[in-house]
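# Results of the structural survey
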Amino acid sequence: MIGLISATAAGAVARDRLASAWPDRTRVYEGPVGEAVRAAFAECEQLVCFLATGAVVRLLAPLLGDKASDPGVVCVDEGGRFAVSLVGGHAGGANELAREVGESLAAVPVVTTATDSVGLPGLDTLGFPVEGDVAGVSRALLDGEPVALESEVSWPLPALRVAAEGAYTIRVTDAAREPADREVVLRPPTLVVGVGASKGSPVEEILELIEGALREAGLCAGSLAELATVDAKADEPGIVEAARRLGVPLVTYSAAVLAEVDVPNPSDAPLAAVGTPSVAEAAALVRGGELLVPKQKSAARPATATCAVVRRPGRGRLAVVGLGPGARDLLTPRAKEELRRASVVVGLDQYVDQIRDLLRPGTRILESGLGAEEERARTAVAEARKGRAVALIGSGDAGVYAMASPALAEASDDIDVAGVPGVTAALAAGAILGAPLGHDHVSISLSDLHTPWEVIERRVRAAAESDLVVTFYNPRSRGRDWQLRKALAILGAHRAPSTPVGVVRNASRPDESSRLTTLACLDPATVDMMTVVTVGNTATREIAGRMVTPRGYRWQDDRQEDTR
C-alpha cells in the first residue's frame, strides 16, 4: 500500500488526483502531518508526501532504520511539478515510484541514485538476492573500473558493463559461499526442490530435510525458485507451510504427468499412494534440469517426507520489440523497459539509431542493413540460446510485417519469448488522417519480395469485393513501380473514383507529411516506401478535411445513441 500525505490545500489537490488514479494502491492519511507520516511509515510499503523535501527529511529522520526494510518515499512539490525519490530508491522502490507518479501527475521524476542516473542497473534491483560489497562494486562500475563477471550458472542479466578480468567481481552462483573482498554474489532462482510427504507430515520435518539437502550439496537457499509436488499434495499443510516459510511458490503436477518423467529412483510406495512411481524426483525434473540431489528421506523414524534438488538454469530470453512509427512519445513504456532489460540488442541500423540513447551502458548492439531480416532473426535467437537477454527490434508492431514472424520461425521451446506490441504505421497514419479505420479494414503489403504477386493480387481483389478499407504497406519502390497502380485499378472496379484516399509519409516523424486525395486523382509516382496509403470503402467520406469511415452498425437500434 502507498500512503499519501499532504499539509496544504494545494498539496491535497495533487494528492487526491493520485488517489483517484490509483484507488486500489493508495491510502490517504489525514490529520496532523507528523502523525500522518509516522502512521504511514509504519503501515505502508511506500509513501508519497506532498510536502517540501526539507520538511519530509525532518519528519522521517527519527523513523529511519535500515534501507533494506524502510519504505520507499517520494516527495512531490505542492505545484505537482517534480516527483523526487527521497528514501529507498532501490530497496524501497522509490525510484520507480517517482517515475510512476511523474507519469500519472505529468511531473518530472527526479532520481539521484548514481546507477540510475547513468543508466546502469542497480545490483540490488535485479530481482533476486545479492550479497557482498554492493556499494564497492557499484562504485567501480560507475567509475569505469574493470569489473569481472563470473557466471557459475547461466542467467539472462541486463547489460552490466563488465570485463573479462578486474579487481572487482560480480559472481552469479547458487553455491553456498561467502562473497570475497570486492565481490558481489548474485543468487538467481535456479534451484527446484521436489517434495513428497505422507499425510500429516510436520512442517519442521520437511524444512529440516530440505535445508539439510541443500547444505550437504553446498547449495544456497537464496537460489530456491520453487517447491514442486504432486497435485494430490497441493493442500498438504506441512508442504504448503514449508513453501510459505521459504518464501517460494508451491507448484503441483498431476500424477499422470509425473509418471512420464524418467527418474533414477522410482518406488512402488508413491505409485500405490498417489499414482506415480516418483514424486520428489519427478516433480523436480518435470521441466528439465540437472539432478543435484537424488531422492532423500527425512531423518524421522518413520520418515514421512522425501525431497530431491534440481538445478534449472535460467533460459535465454528473446523480447521482440515494436518501436512504433518513429516518434519517441509513441514508444511504449513496456518497450523501453525491455530495451533496458536486454544485454544484447539486434536490429536494423536505422532503428537502432532511434533508441540508442535508451540502452544501458555495456549493451552489445548487433545491427545490420536492409535485406538482412532473416539473418537478424537467426542472430537474435542464437544469442538467446546462449542464455542472454536479447531484444530484437522492429518498427511499428514487431508482429506486423516485421521481425516477430522470422524470429519465431527460428525459435524453439528452449528459450523464453516475449512480444512487445507497438503502434503500427496503419494506426499512426489513420490517426493523422482522421478515422479511416472506423469499420472493418485490412492491411496488405504490395512487396512481392517474399510473396508472389498473384497472391497479393488475389488478396487485393478479395478486399475490393468485400468493401474493406485497405491500408497498403510497401506501396512503391524504385524497383517496384507498377504494383500500386495495379492495386488501385482493382479497387477502382468496385469503388467510385471519388473514394477518399489518404497518403501519409513518415508518420509521426519530424518530416511527416499527409494529404487527402481520391482514388481517381492519386498519382502513384508521388508514393514511396516510407508512405502508407489508405483507401476508403464505399461509406468513407471526407468531413471537414478529415477522412472518416462511419461505424454504421446496422444491428444497433437507430433510436438509441451509440455511446461506446
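Computed from a predicted structure; not experimentally measured. (Residues numbered from 1 in each chain as written. Predicted model: local features only at pLDDT ≥ 70, side-chain atom pairs only at ≥ 80, totals over all residues. Heavy atoms only, no water.)

### A few points about the sheet that holds strand β11 (residues 191-197)
Strand pairing within a sheet occurs via backbone hydrogen bonds; the two strands may be parallel or antiparallel. Judged by pairing direction, the sheet is mixed, and its 5 strands sit side by side in the order β13-β12-β11-β15-β14 without closing on themselves. Among the strands making up the open sheet, the edge pair consists of β13 (250-253) and β14 (290-297). In this sheet, neighbouring strand axes are inclined to one another by 25 degrees on average, regardless of whether the strands run parallel or antiparallel. In terms of strand pairing, β14 meets strand β15 (residues 305-311) through 5 bridges, oriented antiparallel. If you follow V293 over to β15, its bridge partner there is V309. In the packing of helix α7 (residues 203-216) onto the sheet, contacts are made with β11, β12 (224-230), β14 and β15, and the angle to β15 comes to roughly 35 degrees. Relative to the sheet, helix α8 (residues 237-246) contacts β11, β12 and β13, its axis offset from that of β12 by approximately 175 degrees. (Pairing = 2+ DSSP bridges. Helix = DSSP H or I, 4+ residues; strand = E, 2+ residues; numbered from the N terminus. Axes fitted to C-alpha atoms, helices over the stretch in contact; angles between N-to-C directions. Contact = heavy atoms within 4.5 Å.)

### Some remarks on the packing of α7 against α8
Close contact between α7 and α8 brings their axes to 8 Å; oriented N to C, the two are set at 55 degrees. Between α7 and α8, the angle is such that the two are oblique. Classified by chirality, the crossing of α8 by α7 is right-handed. Only G238, I239, E241, A242, R245 and L246 of α8 make contact with α7, whose side of the interface consists of V203, E204, I206, L207 and I210. The residue makeup of the contact of α7 with α8, split by class, is 7 nonpolar, 1 polar and 3 charged. (Parallel < 35°, antiparallel > 145°, perpendicular 65-115°, else oblique. Left-handed = near helix turned anticlockwise from the far one by under 90°. Nonpolar A, V, L, I, M, F, W, Y, C, P; charged D, E, K, R; others polar.)

### Here we look at the pattern of salt bridges
In this structure the tally under the stated criterion is 29 salt bridges. Across the salt bridge formed by R356 and D353, the nearest N and O atoms sit 2.6 Å from each other. A single salt-bridge network, built from bridges that share partners, covers E152, R171, R177 and E183. (Salt bridge = Lys/Arg side-chain N within 4 Å of Asp/Glu carboxyl O.)

### Details of the state of the cysteines
According to the stated counting rule, one finds 0 disulfides in the structure shown. C49 forms no disulfide, and the closest cysteine sulfur to it belongs to C75, at a distance of 6.4 Å. By relative accessible area, which is 0% here, C49 ends up buried. Judged by relative accessible area, C75 falls into the buried class, the value being 1%. (Disulfide = S-S within 2.5 Å. Buried < 20%, exposed > 50% of the residue type's maximum accessible area, 1.4 Å probe, protein only.)

### Concerning helix α17 (residues 453-465)
Between its first and last C-alpha atoms α17 spans 18 Å; for 13 residues at 1.5 Å apiece the expected length is 18 Å, and the two agree. For α17, the full list of buried residues reads W453, V455, I456, E457, V460, A463 and A464. Buried positions along α17 lie against β22 (441-445), β23 (469-473) and α18 (483-492). (Expected span 1.5 Å × (residues − 1).)

### Quick look at helix α14 (residues 373-385)
Between its first and last C-alpha, α14 extends 19 Å over 13 residues, near the 18 Å set by a 1.5 Å rise per residue. Within the sequence span of α14, burial applies to R376, A377, A380, V381, E383 and A384. Projection of α14 onto a plane perpendicular to its axis shows the buried side chains occupying an angular sector of 160 degrees, all on one side. On its buried face, α14 is in contact with β16 (317-322), β17 (344-348), β18 (364-368), β19 (389-394) and α15 (404-410). Phi turns positive, to about 90 degrees, at G387, one or two residues after α14. (Arc of directions from axis to C-beta.)

### Quick look at the nonpolar core
The biggest cluster of nonpolar side chains holds 22 residues, and the ones touching the most others in it are V193, V195, I206, I210, L227 and V309. When residues of this core are traced back to their parent elements, those giving at least two are β11, α7, β12, α8 and β15. Element by element, the count of residues in this core is highest for α7, at 7 residues. With residues up to four places along the chain from it excluded, the contact list for V309 reads V192, V193, A213, L214, L219, E290, L291, L292 and V293. V470, I490, L522 and V527 belong to the second-largest nonpolar core, a separate cluster that totals 21 residues. (Core = buried A, V, L, I, M, F, W, Y, C linked by side-chain atoms within 4.5 Å.)

### Brief notes about the side chain of T534
Within the secondary structure, T534 is located in strand β26 (residues 531-535). Looking at T534, its side chain comes within polar contact range of the side chain of T471, at 3.5 Å. Every residue in contact with T534, bar those within four places of it in the chain, is listed here: L433, P436, L437, V469, V470, T471, P500, V501, G502 and M547. (Polar contact = N/O pair within 3.5 Å; in protein donor to acceptor, adjacent residues only side chain to side chain.)

### Considerations on the confidence of the model for the protein
The share of residues in the protein with pLDDT of 70 or more is 97%, and the mean pLDDT across the chain is 91. A low-confidence stretch, residues 555-564 stays under pLDDT 50, and its non-local contacts, those more than four residues away or across chains, total 5 contacts. (pLDDT = per-residue confidence, 0-100.)

### Concerning the packing of helix α1 (residues 9-21) against helix α4 (residues 94-105)
The interhelical angle for the contact between α1 and α4, taken along N-to-C directions, is 100 degrees, at an axis separation of 10 Å. When the axes of α1 and α4 are compared, the pair comes out roughly perpendicular. Only V101, S104 and L105 of α4 make contact with α1, whose side of the interface consists of A14, R17, L18 and A21. The residue inventory of the contact of α1 with α4, partitioned by class, reads 5 nonpolar, 1 polar and 1 charged.

### Digging into the pairing of strand β1 (residues 2-6)
Two faces, one strand: in a regular strand the side chains alternate between the faces of the sheet. Along β1, 5 of the 5 residues are buried, which leaves the element largely enclosed by surrounding structure. Burial along β1 is two-sided: the face carrying I2, L4 and S6 and the face carrying G3 and I5 are both buried. Direction of pairing for β1 relative to strand β3 (residues 46-50): parallel, over a ladder of 5 bridges. Within the sheet, the bridge partner assigned to G3 lies in β3 and is L47. A crossover connection joins β1 to the parallel strand β2 (residues 26-28) through α1; in handedness this β-α-β unit is right-handed. (Right-handed = clockwise from strand over helix to strand, strands pointing away.)

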